[in-house]
Amino acid sequence: MYADPPAPREKGPAEAPPGGPLAAPQYFNPEYERLVVAWKAVLPQLDALRAALDKAYGLASSPQTWDAPVGERYVEEMREWRTRLSLYRHSVLTAISDEAAGTPRWVPSKADAPHAFPA
C-alpha cells in the first residue's frame, strides 16, 4: 500500500495573492484549479474501486466461499488485482500531484492596472 502524494490545495475563501497592494495584480491560475478539480473527481472513484475490490477479496478469501482447491487461484488473482489497483491509484495521484507542484497557483494578470509607482 502506498501513501497518497500531497493533494493540490484549493483556493481558500479569504486567500489573497502573494505580494502587497503595490504588487502586480494576480489571479488564481485556472490550470492549477483544473488539477484541484481532477484530484477531487478521481479520488472518490478510486476509493470506490478499492472498496469494491476489497469486498470481493474478503468474500473470496473466506473459507465458506470455496471448498475446492481451485479457489486459491481466484483469491491469488484478486490479490494481484488489488496490487495493480494500488499501483494505478498511486501513479494517477502522483501524476496530478507532480503537475500541481510544477504549476504556479497565482499568475500575473494581463490587465494594465494603474500602479502607484510606475516601473
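Residues numbered from 1 in each chain as written. Predicted model: local features only at pLDDT ≥ 70, side-chain atom pairs only at ≥ 80, totals over all residues. Heavy atoms only, no water.

## Digging into the packing of aromatic side chains
Throughout the structure, instances matching the rule amount to two aromatic pairs. Plain terms: the ring middles of Phe 28 and Trp 106 are 5.4 Å apart, the flat faces sit at 80° to each other, and that makes the pair edge-to-face. With Phe 28 in strand E1 (residues 26-28) and Trp 106 in strand E2 (residues 106-108), this residue pair connects regions lying 78 residues apart in the sequence. According to the relative accessible area criterion, Trp 106 is buried, its value standing at 14%. Connected via pairs of aromatic rings, a cluster forms that spans Phe 28, Tyr 32 and Trp 106. It is Arg 82 that lies over the ring of Tyr 57; its NZ or CZ is 4.3 Å from the centre. (Phe/Tyr/Trp six-rings, centres within 6.5 Å; stacked < 30°, edge-to-face > 60°. Helix = DSSP H or I, 4+ residues; strand = E, 2+ residues; numbered from the N terminus. Buried < 20%, exposed > 50% of the residue type's maximum accessible area, 1.4 Å probe, protein only. Lys NZ or Arg CZ within 6 Å of the ring centre and 35° of its normal.)

## What about the pattern of salt bridges?
Where charged atoms of side chains with opposite charge meet at close range, the side chains can pair. The full count for this structure, using the stated rule, is eleven salt bridges. For Arg 34, the salt bridge is made with Glu 31, and the minimal N-O distance between the two is 3.0 Å. With Arg 34 and Glu 31 both in helix H1 (residues 30-60) and three residues apart, this pair spans about one turn of that helix. Arg 79 serves as the salt-bridge partner of Glu 76, at 2.5 Å between the closest nitrogen and oxygen. In this pair, Glu 76 and Arg 79 both sit in helix H2 (residues 71-101), three residues apart, roughly one turn of the helix. Residue classification places Glu 76 among the partly exposed residues on the basis of a relative accessible area of 40%. (Salt bridge = Lys/Arg side-chain N within 4 Å of Asp/Glu carboxyl O.)

## Side note on H2
Relative to the 45 Å expected for 31 residues at 1.5 Å per residue, H2 spans 45 Å between its end C-alpha atoms, a close match to the ideal helical length. Residues Gly 71, Val 75, Leu 85, Ser 86, Arg 89, Leu 93, Thr 94, Ile 96, Ser 97 and Ala 100 constitute the buried set of H2. Among the structural elements, H1 are those in contact with the buried residues of H2. (Expected span 1.5 Å × (residues − 1). Contact = heavy atoms within 4.5 Å.)

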